[in-house]
Amino acid sequence: YDVTANSLSINQTGLVLERSPNAARPWGYRMDLMFGQATETLQGGAQNEPRPQVYRHLFQAYGTHVAPIHKGLTVDFGKWASALGPEGNYTKDQINYSRSYFFNFLPFYHMGVRAELPVNDRLSLSYWLVNGANQTEDFNGFKSQLGQAVVKPAKNVTWTLNYYNGQEQRDLVPMLNPGLPLLPTQPGLSVTPVRPMPRGRFHVMDTYAFWNATSRLTLGGEFDYVVNRVETSGPAQVVTGGAGYLRYQLTRKAYFGQRYTRLNDNAGLFSGVSQRLNELTSTIGYRPAEGFEARLEYRRDFSNVPFFLRQTPGDVSRNQNTLTVGLLWWFGAKNGGW
């Protein structure tokens, strides 16, 4: 989310339209439109989507129905933001302005159907059946699944456990019809099979918890274990690591946020390089009124091998320092997190 330097830029402009279900109307709908630099970061490209341009600005779009089962079974169909990892898209709801490595590595969104059932006041269970990771349209003949449990062992503690599993290897290559159309079809819909067809699976074990220790102090932690295989019996590409979070309310209008992330990219699945990535981010936020916030953030990224780009093309460094000033505006009738 901070890809440019020495530039005044628009990171993201978003429009959220939502009609939530209630006791008198057990159905609803939500749509999130997105424009700006974050669209390039967040929305799938040709490596994930057969036709990425069709859904470029549609971050979320799903319908909801609450069935009268137990305490209410909520079923959604459409495209929604992923729950893998604790960080989300809308900066006003995050501790830091920039995002951790795992936000960029784990899926941003999914397309499919999901169901959530609150078992009691302390446990909620969810199941997802989706096209895959960052796939509005599928590029293979398989579906991926996610199982989730949200546990509240105490009033001020929330613990989320996710397991995601699917065949995420492409077995169809879209024909984009460059120049004059070669076939009477839309670009990206005509496909060529990949032979031999890859059958490897992608596993994500993701868990995170947050504790409101006091009215001013919030602590959080995340751990991830990811295994990917291109072929069923092929070598495993493993990514492990986690993150720690701290948020302290300094005054009624100002807060301090801290994050540390460690990502062990042993086979280069995330970065293309076998390395151990680290990131330390400090943020000061000032919110004079609801609807506006200014943030000052210092971030240091460092690795055990040269990886970070410098001004000279081809020159890389073991570390990178970033200083960011972010200005946030939001308005509307939706309260709380987006």
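Asks: For this particular structure, what's the right way to read the overall build of the protein?
Replies: Along the protein, the regular secondary structure elements total two helices and 19 strands. Rg of the C-alpha trace for the protein: 21 Å, near the compact-globule value of 20 Å for 338 residues, within the 12% margin. Projected onto the principal axes, the alpha-carbon positions of the protein cover approximately 60 × 60 × 40 Å. Burial analysis of the protein (338 residues in total) assigns 44% to the buried set. Looking at the protein alone, contacts between residues at least 24 apart form 56% of all its contacts between residues at least 6 apart. Only carbon and sulfur atoms are counted for the fraction: they give 61% of the accessible area of the protein, which is about 17,600 Å².

Asks: Would you explain empty space enclosed by the protein in this entry?
Replies: Any empty space left between the atoms is revealed when a probe the size of a water molecule rolls over them. Inspection of every chain in the model, using the stated rule, returns one cavity of 30 Å³ or more. Lining the largest cavity are Gln43, Gly44, Glu49, Pro52, Tyr55, Arg56, Lys79, Tyr109 and Thr136. The residue inventory of the lining of the largest cavity, partitioned by class, reads three nonpolar, three polar and three charged.

Asks: What's the story with the layout of surface pockets in this structure? I'm lost.
Replies: Empty space within the second largest pocket amounts to approximately 1,400 Å³. Elements represented by at least two residues in the lining of the second largest pocket include exactly strand S1 (13-19), strand S2 (27-35), strand S3 (58-67), strand S4 (73-81), strand S5 (109-120), strand S6 (123-130), strand S7 (144-154) and strand S11 (202-212). Among the residues forming the lining of the second largest pocket, the class breakdown is 21 nonpolar, 15 polar and nine charged.

Asks: Can you walk me through the environment of asparagine 165 in this structure?
Replies: Counting through the fold element by element, asparagine 165 comes out in strand S8 (residues 157-166). Note on asparagine 165: relative accessible area 17%, which makes it buried. With 39 residues separating them in the primary sequence, asparagine 165 and serine 126 have C-alpha atoms 14 Å apart. Excluding residues that lie within four positions of it along the chain, asparagine 165 makes contacts with Ser144, Gln145, Arg201, Phe202 and His203.

Asks: Where do I start with the pattern of salt bridges in this structure?
Replies: Oppositely charged side chains can form a pair if their charged atoms are brought close together. Per the counting criterion, the structure on display carries 14 salt bridges. One salt bridge connects aspartate 76 with arginine 114, and the closest N-O pair in it is separated by 2.8 Å. Placement of the pair is aspartate 76 in strand S4 and arginine 114 in strand S5, with a sequence separation of 38 residues. The same class applies to aspartate 76 and to arginine 114, which are both buried. Salt-bridge contacts for arginine 287 lead to glutamate 290; the nearest nitrogen and oxygen are separated by 3.5 Å. Note on arginine 287: relative accessible area 26%, which makes it partly exposed. The exposure class assigned to glutamate 290 is exposed, which follows from its relative accessible area of 63%.

Asks: Could you clarify how one ought to interpret the packing of aromatic side chains in this entry?
Replies: Aromatic rings in a pair are described by how distant their centres are and how their planes are angled relative to each other. A complete count under the given rule lists nine aromatic pairs for this structure. An aromatic cluster is built from Tyr101, Phe105 and Phe270, whose rings are joined through pairwise contacts. Sitting above the plane of the tyrosine 101 ring, arginine 299 keeps its charged end 5.6 Å from the centroid.

Asks: What should I look at first to understand the side chain of glutamate 168 in this one?
Replies: In this fold, glutamate 168 is placed in the loop between S8 and strand S9 (172-174). We note that glutamate 168 is buried and unpaired, the nearest opposite charge coming from arginine 201 at a distance of 8.1 Å. Separated by 2.7 Å, the side chains of glutamate 168 and tyrosine 164 make a polar contact. Those residues in contact with glutamate 168 that sit more than four places away from it in its chain are Gly132, Ala133, Gln135, Phe139, Asn140, Ser144, Gly200 and Phe202.

Asks: I would appreciate a short explanation of the nonpolar core in the present structure.
Replies: Across soluble globular proteins, nonpolar side chains have a tendency to be buried as a group. With 21 residues, the main nonpolar core has Leu106, Tyr164, Val204 and Val226 as its most contacted residues. The set of elements that each furnish at least two residues to this core consists of helix H2 (101-105), S6 and S11. If we skip the residues at most four places from it in the chain, tyrosine 164 touches Leu84, His110, Val130, Gly132, Ala133, Ser144, Gln145, Leu146, Phe202, His203 and Val204. Membership of the second largest hydrophobic core comes to nine residues, among which are Met34, Leu42, Phe103 and Phe108.

Asks: So what exactly am I meant to see when it comes to a nonpolar patch on the surface here?
Replies: Taken together, the side chains of Ile284, Leu296, Tyr298, Leu323, Val325, Leu327 and Trp329 present a nonpolar region at the surface, about 790 Å² in accessible area. Of all the secondary-structure elements, those providing two or more residues to the nonpolar patch are strand S16 (292-303) and strand S19 (319-329). Ranked by the residues each element gives to the nonpolar patch, the list is headed by S19, at four residues. Within the secondary structure layout, tyrosine 298 lies in strand S16. Using a relative accessible area of 39% as the deciding quantity, one classes tyrosine 298 as partly exposed.

About the cut-offs
- Residues numbered from 1 in each chain as written.
- Predicted model: local features only at pLDDT ≥ 70, side-chain atom pairs only at ≥ 80, totals over all residues.
- Heavy atoms only, no water.
- Helix = DSSP H or I, 4+ residues; strand = E, 2+ residues; numbered from the N terminus.
- Rg over C-alpha atoms; globule rule 2.2 N^0.38 Å.
- Buried < 20%, exposed > 50% of the residue type's maximum accessible area, 1.4 Å probe, protein only.
- Contact = heavy atoms within 4.5 Å.
- Areas by Shrake-Rupley, 256 points an atom, 1.4 Å probe, with all protein chains shown as cover.
- 1 Å grid on protein atoms, 1.4 Å probe; cavity = no way out; pocket = protein on both sides within 12 Å on 5 of 7 lines; lining within 4 Å.
- Points joined across faces, edges and corners; volume = space filled by probe spheres on them.
- Nonpolar A, V, L, I, M, F, W, Y, C, P; charged D, E, K, R; others polar.
- Salt bridge = Lys/Arg side-chain N within 4 Å of Asp/Glu carboxyl O.
- Phe/Tyr/Trp six-rings, centres within 6.5 Å; stacked < 30°, edge-to-face > 60°.
- Lys NZ or Arg CZ within 6 Å of the ring centre and 35° of its normal.
- Lys, Arg positive; Asp, Glu negative; His and termini not counted.
- Polar contact = N/O pair within 3.5 Å; in protein donor to acceptor, adjacent residues only side chain to side chain.
- Core = buried A, V, L, I, M, F, W, Y, C linked by side-chain atoms within 4.5 Å.
- Patch = residues over 30% accessible without salt bridge, like charges linked within 9 Å, V, L, I, M, F, W, Y side chains within 5 Å.

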